[in-house]
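# Per-entry structural report
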Amino acid sequence: MIAGYRGRFAPSPTGPLHFGSLVTAVASHADARAHGGEWLVRIEDLDRPREVAGAARAILDTLAAFGMRHDGPVCYQHDRLAAYDAALAQLAARGLTYPCGCSRAEIARRARRGSEGPIYPGTCRAGLPRGRAPRTIRMRTDSTPVEFDDRVFGPRTQDLEQAVGDFVLRRADAIHAYQLAVVVDDAWQGIDQVVRGADLLDSTPRQIRLQRALGLPQPDYAHVPLVLDPEGRKLSKRLAAAPVDPADPLPALRRAWAFLGQPPPPPHCTLQRFWEHAIAHWRIERVPRTRSAPLPAEQ
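Residues numbered from 1 in each chain as written. Predicted model: local features only at pLDDT ≥ 70, side-chain atom pairs only at ≥ 80, totals over all residues. Heavy atoms only, no water.

## Some points on the overall build of the protein
Put simply, the test is: Helix and strand definitions follow DSSP, with helices as H or I runs of at least four residues and strands as E runs of at least two, each counted in order from the N terminus. Radius of gyration: C-alpha atoms only; globule rule: 2.2 Å multiplied by the number of residues to the exponent 0.38. Only protein chains enter the accessibility calculation, which uses a 1.4 Å probe; a residue is then buried when its area is under 20% of its type maximum, exposed when over 50%, and partly exposed in between. Methods summary: accessible areas were calculated by the Shrake-Rupley approach with a probe of 1.4 Å, and residue burial reflects only the protein chains presented. For the purpose of charge, His is not counted, nor are the chain termini; Lys and Arg are scored as positive and Asp and Glu as negative. Note on charges: their place is set at NZ of Lys, CZ of Arg, CG of Asp or CD of Glu.
For the protein, the helix and strand inventory stands at 9 helices and 14 strands. Taking 2.2 N^0.38 as the reference for a compact globule, 299 residues should give roughly 19 Å; the C-alpha atoms of the protein span a radius of gyration of 20 Å, in line with that estimate. Counting only C-alpha atoms, the protein reaches 70 × 40 × 35 Å along its principal axes. When each of the 299 residues of the protein is scored for burial, the buried share is 51%. About 13900 Å² of surface is accessible on the protein, with carbon and sulfur atoms providing 52% of the total. The average position of the 40 basic charges and that of the 33 acidic charges among the side chains of the protein differ by 5 Å.

Listed below in C-alpha cells is the structure:
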C-alpha cells in the first residue's frame, strides 16, 4: 500500500475516448483503487483550437460507463490560466526563463536532432537578437542530470541540456505549454502518484526540473506502454482510432487488462465483478517494460 495515494487521469478533449486512452485510464484507476487511494480526473483543454465540442462530456460519460468513477470535482485547465501565469512570473523572477524569437523552421535548420525533435541551440539565451520580437518563453536547462525511479521502467536519468535544450513554457500562440501546466496542476491537486502513457516518459525530467524550480513536490511516476495500430502507429484521435463502446464495456476492458499484463478476470463476469477482480489482483510489476506494443486481439 502507498499511504495517502492520490492519482489522476488527464485526457485531452480532442475526440472520444479510444482504446489507447482506455489502457491508461484502466491502469491509473486500478493502481489508485488497489492502494486504497483517490482517483481524480482532469480535462487538459489548454489547446482550445483542437478541442472537439462535447468531447469532454463524452469522455466523462464513457469513464462512468466503464465503471471508473472519479473522486471530487473535475478540473478543467482552461480555468487555471492565472495559476500558470503566476508560475511563469515566479520562474522569471529567478532568471530561469527568457523570451525566444525563433520560429520552428529556424530552429529545425540550425539545431541538431534529438529523440523528440530538434534540440534548441540557445539562439536567444543571451537576449533577443536585434530586430526580433519574442514568440515563446523558454526554460533554461543545464547539464545537471535529472534522475527519477519509474515504477515500471526503473531508474532513469537525463541531461536536459543535451537531450532537449531550453524548452518552451509558453507557445507562440500564447498557450501555456503542457510541461508547465501539468506540473502546476499536479501540485495544486495534491497528486502524488502519476500513472500515464510511455510517450511522456522522456518529458518527466522536464517536469521534475520545473517542480524543483517552483518548490513543488515531486510525484512518483509510472509509465505504461502505448498501444500501436496495425501499421505500427500510436493509437490517437488524430488517426481516427476507433472509440470504445460505452454500451458494451467489458470486451474493451478485458483487452486493456490483458495488454497491461494482468491476470484474466473470470469469464462472463459483470462490470462490478471485473473491477473487484482488477482491484484485488492489480500489480504494476506485471506491466510490460516496453514503450509500446501492438493492439491486442479481442478477448
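## Looking at the side chain of D202
Short version of the rule: Any two residues whose heavy atoms approach within 4.5 Å at even a single point are treated as in contact.
By the element assignment, D202 lies in the loop between β11 (193–197) and α7 (204–214). The exposure class assigned to D202 is buried, which follows from its relative accessible area of 17%. In this structure D202 touches S115, E116, R156, Q158 and R291, once residues within four positions along its chain are discounted.

## Side note on the sheet that holds strand β3 (residues 75–76)
For clarity, the cut-off: DSSP bridges decide pairing: two strands pair if at least two such bridges lie between them. Under this scheme, a helix contributes an axis fitted over its contacting stretch, all axes are lines through C-alpha atoms, and angles between N-to-C directions fall in the 0 to 180 degree range.
Read from one edge of the open sheet, 3 strands run β1-β2-β3, paired in parallel fashion. One side of each edge strand has no neighbouring strand; the edge strands of this open sheet are β1 (6–9) and β3. Across 4 bridges, β1 lies against strand β2 (residues 38–43) in parallel orientation. Residue pairing in the sheet places G7 in a bridge with W39 of β2. In this fold helix α1 (residues 19–34) packs onto β1 and β2, with an angle of close to 150° to the strand it touches most, β2.

## Some words on helix α2 (residues 55–65)
Rules: An arc is given here, and it is the one of the directions from the helix axis to the C-beta atoms.
For α2, the set of buried residues is A55, A56, I59, L60, T62 and L63. For α2, the buried positions fall inside an angular range of 160° around the axis, keeping them on one side. Of the surrounding secondary structure, the elements contacted by the buried residues of α2 are β1, α1, β2 and β3. At the exit of α2 stands G67, carrying a positive phi of roughly 85°.

## A short note on the environment of P243
Note that P243 resides in the loop between β13 (226–228) and α8 (249–259). If we ignore the near neighbours within four places in the chain, the residues touching P243 are P16, L17 and H18.

## What about the nonpolar core?
One recurring pattern in soluble globular proteins: nonpolar side chains tend to sit buried together. Cut-off, in case you're wondering: To define a nonpolar core, start from buried Ala, Val, Leu, Ile, Met, Phe, Trp, Tyr and Cys residues and group those joined through side-chain atoms within 4.5 Å.
In terms of nonpolar packing, the biggest core is built from 54 residues, with L22, V26, L63, M68, F274, W275 and W282 touching the most fellow members. Listing elements by their share of this core, those giving two or more residues are α1, β2, α2, β8 (146–150), β11, β12 (220–224), α8 and α9 (271–281). Setting aside residues no more than four positions away along its own chain, F274 makes contact with L250, L253, R254, W257, P265 and C269. In terms of nonpolar packing, the next biggest core, distinct from the first, is built from 19 residues, L88, L91, F167 and L180 among them.

## Comments concerning the sheet that holds strand β10 (residues 167–170)
Two modes of strand pairing occur in sheets, parallel and antiparallel, and in both the strands are linked by backbone hydrogen bonds. The 3 strands are arranged β4-β7-β10 in an open sheet whose pairing can be described as antiparallel. The sheet is open, and its two edges are formed by β4 (97–100) and β10, each paired on a single side. Neighbour to neighbour, the strand axes of the sheet diverge by 45° on average, direction disregarded. Where helix α3 (residues 81–93) meets the sheet, it contacts β4, β7 (136–139) and β10, and its direction lies at approximately 130° from that of β10.

## Quick look at the pattern of salt bridges
Note the cut-off: We count a salt bridge whenever a side-chain nitrogen from Lys or Arg sits within 4 Å of a carboxyl oxygen from Asp or Glu.
With the rule as written, the count across this model stands at 18 salt bridges. For E106, the salt bridge goes to R132, with nearest N and O atoms at 2.5 Å. Placement of the pair is E106 in helix α4 (residues 104–110) and R132 in the loop between β6 (117–118) and β7, with a sequence separation of 26 residues. Residue classification places E106 among the partly exposed positions, given a relative accessible area of 24%. Two residues, R291 and D202, come together in a salt bridge whose shortest N-O distance is 3.1 Å. Of this pair, R291 sits in the loop between α9 and β14 (292–294) while D202 is found in the loop between β11 and α7, placing the two residues 89 residues apart along the sequence. Shared partners join several salt bridges into a network, and the residues in it are R8, R42, E44, R80, D185 and D186.

## Points about the packing of aromatic side chains
Each aromatic ring pair is characterised by the separation of its centres together with the angle its planes make. This is how the line gets drawn: Only Phe, Tyr and Trp rings take part, Trp by its six-membered ring, and two of them pair if their centres are within 6.5 Å. Stacked means planes under 30 degrees apart, edge-to-face means over 60, and tilted covers everything else.
Taken as a whole, this structure holds 5 aromatic pairs when the rule is applied. Ring centres of F9 and W39 lie 6.3 Å apart, and the angle between their planes is 10°; on these two criteria the pair is classed as stacked. Placement of the pair is F9 in strand β1 and W39 in strand β2, with a sequence separation of 30 residues. Like F9, the residue W39 is buried in the burial classification.

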